[in-house]
Amino acid sequence: QVQLAESGGGLVQAGGSLRLSCTASGSFFSNNNMGWYRQAPGKQRELVAGITSAGSTNYADSVKDRFLISRDNAKNTVYLQMNSLNPEDTAVYLCNAKVPIVTGTGWYVYWGKGTLVTVSS
C-alpha cells in the first residue's frame, strides 16, 4: 500500500507561482512513475505532468513552458513548480503513483487526496 500526501496549494494571483509537493510512503519510491493530475469543477480529471522512474517527463500542452515536474528520490517526493499561473489553472491537484508489479505484468495505481490551487484574476 502506498500513501501519498500533497501540500503546497493555496490562493495566488494571476502571474504568480506555487510549488506543490507530494511525499510518498510504503513503496520503493525510485521505482515508481509519478504524476500530477488536476480536476476543475465540472471538468474531467486531466494529466498535468508526469515523470518516470528514469526521469523522463511529459506535460499537458496547456502547461508546457510554465510548469516543471521533478523528483527527489532521497526524500520520496515529487514536485510541481507552477509559474505564470492563470485562472484556468484553478483546480484540485492530485498526486498519482504507478508502482510496478514485481512480476512485470502491470502497475498498481495510487492517488493522493489532492490540494486546491486557486488563481485569482
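Above this note sits the structure.
First things first, this report covers the structure right here in the doc. (Residues numbered from 1 in each chain as written. Predicted model: local features only at pLDDT ≥ 70, side-chain atom pairs only at ≥ 80, totals over all residues. Heavy atoms only, no water.)

## Thoughts on the sheet that holds strand S1 (residues 3-7)
Taken in spatial order, the four strands line up as S1-S3-S8-S7 in an open sheet, and their pairing is antiparallel. Among the strands making up the open sheet, the edge pair consists of S1 and strand S7 (67-72). On average, each strand axis in the sheet is tilted by 15° relative to the strand beside it, whichever way the strands run. Sheet analysis places S7 next to strand S8 (residues 77-82), joined by six bridges and oriented antiparallel. (Pairing = 2+ DSSP bridges. Helix = DSSP H or I, 4+ residues; strand = E, 2+ residues; numbered from the N terminus. Axes fitted to C-alpha atoms, helices over the stretch in contact; angles between N-to-C directions.)

## Regarding unusual backbone geometry
Positive phi, close to 55°, is recorded for Asn76, a residue that is not glycine. Position of Asn76 among the secondary structure elements: in the loop between S7 and S8. Under the relative-accessibility criterion, Asn76 is labelled partly exposed at 26%. In this structure, Ser84 takes a positive phi of about 50° despite not being glycine. For Ser84, the location among the structural elements is in the loop between S8 and strand S9 (91-100). (Buried < 20%, exposed > 50% of the residue type's maximum accessible area, 1.4 Å probe, protein only.)

## A few points about the packing of aromatic side chains
Applying the stated criterion across every chain yields a total of one aromatic pair. For the pair Tyr37 and Trp111, a centre-to-centre distance of 4.9 Å together with 70° between the ring planes defines the contact as edge-to-face. Of this pair, Tyr37 sits in strand S4 (residues 33-39) while Trp111 sits in strand S10 (residues 107-111), placing them 74 residues apart in sequence. Residue Tyr37 is classed as buried on the basis of its relative accessible area, which comes to 17%. Here Arg45 stacks its cationic end above the ring of Trp111, 4.5 Å away from the centre of that ring. (Phe/Tyr/Trp six-rings, centres within 6.5 Å; stacked < 30°, edge-to-face > 60°. Lys NZ or Arg CZ within 6 Å of the ring centre and 35° of its normal.)

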